[in-house]
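Geometric and topological summary
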Amino acid sequence: MTHEEIEESVPLYAAGALDRTERQTLEAHLLSGCASCHSALKDYQSVAALLPLGLGPTSPPRALKATIMAGRNPAPIPAEAAPNEPARPSLEPGEWMNHLFPPVAPARSWSLPWAVGLATLLIVAVGGYLAWHFATQRSVDTSNIQRLEASLQDKSSKLADVHREVGNQAKALAELRNEMQQRMNEAAEAKEQLAQREAELEETRVQLSQRGGARTAGTPQDELATLLRIPNVKAVSLTGSDMAKRAAGFLLYDSRTQKVWLYSVNLPECPAGTTYQLWAIHDKPMSIGTFHMDRGETAHLLVMKVPSFTDAKTYAVSLEPSGGRPQPTGPMYLLSRS
Amino acid sequence: MDKPSRHATSMIDPTLLALVVKGDQQAFSQLYDHSSTLLFTLAVRILGNHEEAAELLQDVYLEVWRKVSRYDVGRGTPVAWLVTLTKSRAIDRLRARAARGYRATSALEAGTAAQFADLGPSPFETQADQELRIAIGAAVAGLPQAQQQAIELAYYEGLSHAEIATRLNQPLGTVKTRIKLGMSKLRDGLQQCWNHGELQ
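An account of the accompanying structure is given in this report. (Residues numbered from 1 in each chain as written. Chains lettered and ligands numbered in written order. Predicted model: local features only at pLDDT ≥ 70, side-chain atom pairs only at ≥ 80, totals over all residues.)

Moving on, we come to the overall build of chain A. A count of helical and extended segments in chain A gives seven helices and eight strands. Here chain A, with 338 residues, has 24% of them falling under the buried criterion. (Helix = DSSP H or I, 4+ residues; strand = E, 2+ residues; numbered from the N terminus. Buried ≥ 20, exposed ≤ 12 C-beta atoms within 10 Å, placed from the backbone.)

On to the overall build of chain B, then. Assigned secondary structure in chain B consists of 10 helices and zero strands. Counting helices and strands in the order they occur from the N terminus, chain B gives α-α-α-α-α-α-α-α-α-α. Burial statistics for chain B: of 200 residues in total, 48% are counted as buried.

This paragraph deals with helix α2 (residues 25-47) of chain B. Residue and element names in this part refer to chain B. End to end, α2 covers just 29 Å across 23 residues, shorter than the expected 33 Å (1.5 Å per residue, more than 12% under). Where α2 bends most, at S35, the angle is about 50°. With 17 of 23 residues buried, α2 is to be regarded as a mostly interior element. Remark: G48 follows α2 within two positions and exhibits a positive phi of approximately 70°. (Expected span 1.5 Å × (residues − 1). Bend = angle between axes of the 7 residues up to and from the residue.)

Attention now moves to the packing of α2(B) against helix α4 (residues 78-99) of chain B. All names here are of chain B. Direction vectors running N to C along α2 and α4 enclose 30°, while the axes themselves pass 9 Å from each other. Judged on the interaxial angle alone, α4 and α2 are roughly parallel. For the pair α2 and α4, the sense of crossing is right-handed. Facing S35, L39, L42, A43, I46 and L47 of α2, the residues of α4 in contact are V79, L82, V83, T86, K87, A90, I91, R93 and L94. Of the residues that constitute the contact of α2 with α4, the class distribution is 11 nonpolar, two polar and two charged. (Axes fitted to C-alpha atoms, helices over the stretch in contact; angles between N-to-C directions. Parallel < 35°, antiparallel > 145°, perpendicular 65-115°, else oblique. Left-handed = near helix turned anticlockwise from the far one by under 90°. Contact = placed C-beta atoms within 7 Å. Nonpolar A, V, L, I, M, F, W, Y, C, P; charged D, E, K, R; others polar.)

This part is about unusual backbone geometry. In the Ramachandran plot, N266(A) falls in the positive-phi region, its phi being about 60° despite a non-glycine side chain. Assignment of secondary structure puts N266(A) in the loop between β3 (259-265) and β4 (274-281). For N266(A), a count of 14 C-beta atoms within 10 Å translates into the label partly exposed. One non-glycine residue, N169(B), adopts positive backbone phi at about 55°. Mapped onto the elements of the fold, N169(B) is located in the loop between α9 (161-168) and α10 (172-195).

This brings us to helix α4 (residues 35-50) of chain A. Each α-helix winds once per 3.6 residues, and so residues spaced three or four apart point in a common direction. A rise of 1.5 Å per residue sets the reference length of α4(A), with its 16 residues, at 22 Å; its end C-alpha atoms lie 23 Å apart and thus fit the reference within 8%. Of all the residues in α4(A), the buried ones are C37(A), A40(A), L41(A), D43(A), Y44(A), Q45(A), S46(A), V47(A), A48(A), A49(A) and L50(A).

On to the sheet that holds β3(A), then. Residue and element names in this part refer to chain A. One open sheet holds the eight strands; their spatial order is β5-β4-β7-β8-β1-β2-β3-β6, and the pairing between them is antiparallel. For this open sheet the edge positions go to β5 (285-291) and β6 (299-305), each flanked by a neighbour on one side alone. Sheet twist, expressed as the mean angle between neighbouring strand axes with direction ignored, is 20°. Inspection of the sheet shows strand β2 (residues 248-254) paired to β3 by seven bridges, in the antiparallel sense. Bridge pairing links F250 to Y263 in β3. (Pairing = 2+ DSSP bridges.)

Below you can see the structure in the form of structure tokens.
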């Protein structure tokens, strides 16, 4: 709409002949501050407001004043306190006078142009608020995302630290295992060396014994106790036969020293002219040695040195004539469990 | 006719409204006396019915009593404010009535020019009101009837130019021109009174 068209609509506005859209267009134009249209409207509205004064007067009913005076509230309600009317009429007092003079103070009447102005202000305010709200929300969202990203980075960093720590601990554990394995190897080596040293010591004792007959290294019981601490000694247990059910025996063979130890218990006393003889049986029986059980003797330790003994599968003790025999001839008293 | 018509309606002092704002009952009574005839005349002109005009006037004055603080002297004379309020409420009633399917027939179809044609002095009017009524009546009566009719349909029945064009079965541009020319002539005709300070 051109300014000329708007200007031409001013008298129609004053007469109340514009439709809503045209009214709003003109009011928006007036609010924009067009001085010439303001001036024109001032003239036309002044004319319009005076038109009823030209009508032939008609007096109201006499009773109307009394009715009105009686119907008032005790006091007029200030504009600020006036209750909002649910359905505002299409026109308000002062509407046609709104542009008689440029407003110098905030409008106190709710004329349509000012309502439009206020509505525009409200729209701007709401728009501003929405923009602000959107911007704020976006800012908050951005802030949240940044915070979450920072948190994620922090967590990732901590996770990497944990991984590093776990790796270090695994490494330390592996080192510990290696160290432990090394220590175990050293211990085994030390144990072996110890056994070697003990064997050498035993050998020395035997040699000393053979040379001087002196029992400086201790009794056979001491040797047996030493022998029991050596892990690679072959051990065989023997049980009593029907001839001596209560009898039992325990045989040890130390390959390093090539010595056999037989510890027997509860064998019967040897009758006169007899002796017990120990046999190692591989393909054929081989005599290892003889020993004698005297009256009242319940346990006997036989220690013999034999060159080859490990191949034997069975061990036995028989009762033989004194001095022994090359092959077993008498009854068996002890037999190994094969 | 009694007291009201002896007050100069066109000369209502804005300070009277200021007193009403403060709850001055005497001032309110005076305001009624000054303005009720003019407003009742306007209401009857628009509604075409004395009883409904009286109801309307009751509503208008009670609204004036409640909302008088909204009056701003900087925006117009007290009379202009009261006229505008009354006219607005009357047209609201007219539209509500139209929405209910009822059409006023008495006002316009009785011949609008006749009401302005009654320019004879009333024995109960003040001199100022009488002169003003004559001046305005003359200005309106001086318009071509087509222009006068178009203005009255807009002013007293609240019709838009499009509705007037339909009612009168005239082109829209013609109706616009009639209103525009009529208003210009009224303005020019009343310019002298305006310049002399008779119209405030």
